[in-house]
Amino acid sequence: MHDVQPYPRTWAEIDLLKLAHNLAAVRKRLLSPSTEIALVVKADAYGHGLVPVGRFALRNGAGWAAVATVQEGIALRDAGVDAPIMVLSPILPIESEQAVFYGLHVLFESLEAARHLSAAAEVLGKTAFLHLKVDTGLHRFGVTSDQAVELGLAASQLPSAELVGICQHFADSSRDAEYTARQAQAWLAVLEACAAAGLRFGYRHAANSAGVTNCPNVQGDIVRIGIIGYGIDPFNLLEGEARPVLSWTSRVTSLREVESGEPIGYSGTFRTSRRSKIATVGAGYGDGYPRTLSNRGVVGVRGSRADVVGLVCMDQLLLDVTGIPGVEVGDEVELIGPNVTVAELAQRAETNSHEIVTRIMSRVPRRYHY
């Protein structure tokens with residue numbers, strides 16, 4: 001009887017116990033036990049799976065889920081998640097009714113946006129939960145610091161709306177300490193001005209993953225944890241405690257011997273310099289493996305590392321396994337794992353770790369370990 005493999009071509013494995021470990025490691029670094037953790041689960045939980053990850057995190061260390069879109073919030077609600085969910089990106093007026101209906105906390109930057117949410121809440125007989133977004137220097141979304149008090153006071157008077165939170169986002173808290181300090185100073189000044197004007201917020205949140213450790217004085221009532229929650233820690237924010245939650249594996253699907261001087265793959269971007277053994281692997285950019293890793297990527301095979309050669313194809317990629325004895329069709333190939341980290345692939349692809357995992361496509365099955 002043949003050994004049947006459940007995922008013969010390519011698959012990702014998600015170890016949820018490592019997610020719980022990472023959340024606990026973040027918890028240890030919070031100055032106040034009352035500070036809550038919001039796990040950012042946007043973009044399919046950074047490629048790890050929105051619903052399984054969201055459900056597990058909210059039972060194992062996180063008090064909030066943070067998403068990018070109303071649709072992501074609805075997906076969690078439809079899956080039975082009743083914990084608070086905040087929508088981090090701007091929403092359009094047409095989305096206001098759904099946001100209110102599903103009880104989502106919405107960030108806003110204008111009185112017009114707040115009015116749309118208030119009006120939707122009146123119609124539905126519900127309450128709109130509003131978080132005033134302040135732009136302290138990222139310049140992507142939010143009201144300017146000098147207009148925050150005025151907008152907050154106006155929004156607090158809207159019917160069927162509750163101004164429950166105020167927040168900001170750092171531009172480069174992993175690397176630029178000076179700019180981060182300037183943003184933090186601006187943020188604290190806004191909070192002081194709001195307090196002087198009589199504005200009170202149940203939730204003040206400013207810190208992302210790096211902000212938790214690099215700018216602890218702004219941890220506030222909620223910290224929004226993204227990449228380090230998934231154990232991807234290229235800046236060593238958790239001092240070696242981070243445990244990667246995701247691994248990605250494929251298999252050798254074909255093997256061939258190629259003479260020296262032969263072009264490999266589309267457009268012949270790689271040419272053999274010796275008689276070579278070339279392995280075809282069952283994953284490509286259609287699965288989310290970056291095409292920018294053509295002739296730059298590296299994988300793990302039989303305990304060794306092999307170079308990606310030639311252009312990465314939509315459904316396949318090619319390896320030079322000449323120096324690795326015993327490679328056979330069916331062998332597992334480590335695309336992401338202990339020997340090939342997300343951070344290394346990001347550096348080789350000249351991108352960030354976030355993009356490497358969020359681009360893993362839905363046709364790659366996820367296998368969850370509890």
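Shown above is the structure to which this text applies.
Residues numbered from 1 in each chain as written. Predicted model: local features only at pLDDT ≥ 70, side-chain atom pairs only at ≥ 80, totals over all residues. Heavy atoms only, no water.

Draft legend 1. Spatial organisation of the overall build of the protein. A tally of helices and strands in the protein yields 11 helices and 19 strands. By its C-alpha atoms, the protein is 75 × 45 × 40 Å across when sized along the principal axes. Total accessible area on the protein is roughly 16600 Å²; 49% of this is exposed by carbon and sulfur atoms. Between the centroid of the 34 positive side chains of the protein and the centroid of its 39 negative side chains there is a distance of 4 Å. (Helix = DSSP H or I, 4+ residues; strand = E, 2+ residues; numbered from the N terminus. Areas by Shrake-Rupley, 256 points an atom, 1.4 Å probe, with all protein chains shown as cover. Lys, Arg positive; Asp, Glu negative; His and termini not counted. Charge placed at Lys NZ, Arg CZ, Asp CG, Glu CD.)

Draft legend 2. Broad picture of the pattern of salt bridges. Within this structure, the stated rule accounts for 16 salt bridges. Between Glu 241 and Lys 28 there is a salt bridge; the shortest N-O distance is 2.9 Å. Linking Glu 241 in the loop between β10 (222-225) and β11 (246-258) with Lys 28 in the loop between α1 (16-27) and β2 (36-40), this pair joins segments that are 213 residues apart in sequence. The exposure class assigned to Glu 241 is partly exposed, which follows from its relative accessible area of 24%. Residue Lys 28 is classed as exposed on the basis of its relative accessible area of 57%. Two residues, Glu 239 and Arg 29, come together in a salt bridge whose shortest N-O distance is 3.0 Å. Residue Glu 239 is found in the loop between β10 and β11, and its partner Arg 29 is found in the loop between α1 and β2; the two are separated by 210 residues along the sequence. Among the residues examined, Glu 239 registers a relative accessible area of 58% and is labelled exposed. Looking at Arg 29, the relative accessible area reads 16%, which means it is buried. Sharing partners across several salt bridges, the network here consists of Arg 9, Asp 287, Asp 315 and Arg 363. (Salt bridge = Lys/Arg side-chain N within 4 Å of Asp/Glu carboxyl O. Buried < 20%, exposed > 50% of the residue type's maximum accessible area, 1.4 Å probe, protein only.)

Draft legend 3. Representation of the pairing of β10. Residue alternation in β10 divides its side chains into two sets, Ile 222 and Arg 224 and Val 223 and Ile 225, and both sets are buried. Inspection of the sheet shows β2 paired to β10 by 4 bridges, in the parallel sense. Bridge assignment links Ile 37 to a residue of β10, and that residue is Val 223. Where strand β9 (residues 203-207) and β10 come together, 2 bridges link them in parallel fashion. If you follow Ala 207 over to β10, its bridge partner there is Val 223. With respect to chirality, the unit in which β9 leads through helix α9 (residues 209-214) into the neighbouring parallel β10 is right-handed. (Pairing = 2+ DSSP bridges. Right-handed = clockwise from strand over helix to strand, strands pointing away.)

Draft legend 4. Highlighting the packing of α1 against helix α3 (residues 50-59). At a closest axis distance of 10 Å, the pairing of α1 and α3 adopts a crossing angle of 45°. Between α1 and α3, the crossing angle belongs to the class labelled oblique. With respect to the hand of their crossing, α1 and α3 are arranged in right-handed fashion. Contacts between α1 and α3 involve Leu 16, Leu 17, Leu 19, Ala 20 and Leu 23 from the former and Pro 52, Val 53, Phe 56 and Ala 57 from the latter. (Axes fitted to C-alpha atoms, helices over the stretch in contact; angles between N-to-C directions. Parallel < 35°, antiparallel > 145°, perpendicular 65-115°, else oblique. Left-handed = near helix turned anticlockwise from the far one by under 90°. Contact = heavy atoms within 4.5 Å.)

Draft legend 5. Molecular detail of α3. Regarding α3, the residues found buried are Leu 50, Val 53, Gly 54, Phe 56, Ala 57 and Leu 58. Against α1, β2, α2 (42-46), β3 (64-67) and α4 (70-78) lie the buried residues of α3. Gly 61 sits one or two residues past α3 and shows a positive phi near 125°.

Draft legend 6. Structural detail: the packing of aromatic side chains. Scanning the model with the defined rule gives 5 aromatic pairs in all. Centre to centre, the rings of Phe 101 and Tyr 102 are 5.1 Å apart; their planes meet at 80°, and the pair counts as edge-to-face. Note on Phe 101: relative accessible area 45%, which makes it partly exposed. We classify Tyr 102 as partly exposed; its relative accessible area is 23%. Aromatic pair Trp 248 and Tyr 289: ring centres 6.2 Å apart, planes at 55°, arrangement tilted. One end of the pair, Trp 248, is in strand β11; the other, Tyr 289, is in the loop between β14 (276-281) and β15 (298-301), with 41 residues separating them in the sequence. In this structure Tyr 289 comes out as buried when scored by relative accessible area, which is 0%. The ring of Phe 101 is capped by Lys 126, whose NZ or CZ atom sits 5.7 Å from the centre of that ring. (Phe/Tyr/Trp six-rings, centres within 6.5 Å; stacked < 30°, edge-to-face > 60°. Lys NZ or Arg CZ within 6 Å of the ring centre and 35° of its normal.)

Draft legend 7. How the structure looks around α4. Those residues of α4 not exposed but buried are Val 70, Glu 72, Gly 73, Ile 74, Leu 76 and Arg 77. Positioned one or two residues after α4, Gly 80 has a phi angle of 95°, which is positive.

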